[in-house]
Amino acid sequence: LPLEKVYVALQSLDQVGIVDILTGDIENIDINYNSGSNTPHFIVIDAINRYWFVTTITSGYVGRYNLDTNEFIDKIKVGDSPALMVLNEGDKKLYVSRMMPMGAMMMGAVSSVVQEIDYSNSEVLMKSDSFVVSSPVPHGLAINSNGSEVYVASNTADWLYKIIPPSTNEI
């Protein structure tokens, strides 16, 4: 059954807009994990396990919501400007690129971490692993069809990495 909704990060409003493409109805979900700016950046959908996830690049969180009701379930602080994500729906693992250390965004500091988050617990997200690549600002992510390889591209350098998380954690 294809999804009939489009999820849009409304960064400056600290909201995610959800557009029903059949009716044109729009629902706005407030992303308010802290009292300051959160800046939702990217959304991924797990249609099998019925979740959607959002990164908040300014406040450093990843949030999980119910795909059917859009109710907030939980969040996890990962720090370091979480940006893009891919997921392994079978293993219930989420991979998040983390671009710049929190608090250092204006000083030119960069991160080299890809965070793995386990969402197999239906109530609590857990950091399960992190992978450090040898070039700065991991950003673009992809995963192969069976979830055995995660690919990450640096935003500021000409590097592409393959991470093999389920078996060896080899980069």
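Residues numbered from 1 in each chain as written. Predicted model: local features only at pLDDT ≥ 70, side-chain atom pairs only at ≥ 80, totals over all residues. Heavy atoms only, no water.

Trainee: What exactly am I supposed to notice about the sheet that holds strand β10 (residues 113-118) here?
Mentor: Neighbouring strands of a sheet are bound in pairs by backbone hydrogen bonds; such pairs are parallel or else antiparallel. One open sheet accounts for four strands, arranged β8-β9-β10-β11; its pairing is antiparallel. Only two strands of the sheet have a single partner each, and these edge strands are β8 (82-88) and β11 (126-132). Across the sheet, the mean angle separating the axes of adjacent strands is 25 degrees when strand polarity is ignored. Strand direction decides the pairing type here: β8 and strand β9 (residues 93-98), joined by five bridges, are antiparallel. Bridging across to β9, Asn88 finds its partner in Lys93. (Pairing = 2+ DSSP bridges. Helix = DSSP H or I, 4+ residues; strand = E, 2+ residues; numbered from the N terminus. Axes fitted to C-alpha atoms, helices over the stretch in contact; angles between N-to-C directions.)

Trainee: Honestly, the environment of Ser111 in this entry has me stumped. Any pointers?
Mentor: Tracing the chain through its elements places Ser111 in the loop between β9 and β10. The class for Ser111 is buried, based on a relative accessible area of 4%. It is 21 Å that separates the C-alpha atoms of Ser111 and Lys75, two residues lying 36 residues apart in sequence. (Buried < 20%, exposed > 50% of the residue type's maximum accessible area, 1.4 Å probe, protein only.)

Trainee: Is there a simple way to explain the nonpolar core in this structure?
Mentor: A general trend in soluble globular proteins is that nonpolar side chains are found buried together. In this structure, Phe53, Val62, Met85, Leu94, Ile117 and Tyr119 are the most contacted members of the largest nonpolar core, which totals 13 residues. Of all the secondary structure elements, the ones that give two or more residues to this core are β5 (51-56), β8 and β9. Ignoring anything within four residues of it in the chain, the contact list for Phe53 reads Phe42, Ile43, Val44, Asp46, Val62, Gly63, Arg64, Met85, Leu87, Leu94, Tyr119 and Leu125. Ile18, Ile31, Ile43 and Tyr65 belong to the second-largest nonpolar core, a separate cluster that totals 12 residues. (Core = buried A, V, L, I, M, F, W, Y, C linked by side-chain atoms within 4.5 Å. Contact = heavy atoms within 4.5 Å.)

Trainee: Please explain the sheet that holds strand β2 (residues 15-20) as it appears in this structure.
Mentor: Taken together, the three strands give an open sheet; going across it, the order is β1-β2-β3, and neighbouring strands pair in antiparallel fashion. Each edge of the open sheet carries a strand with a single partner, namely β1 (5-10) and β3 (26-30). Across the sheet, the mean angle from the axis of one strand to that of its neighbour is 20 degrees, orientation sign disregarded. Relative to β3, β2 runs antiparallel, the two sharing five bridges. Pairing of Ile18 across the sheet is with Glu27, part of β3.

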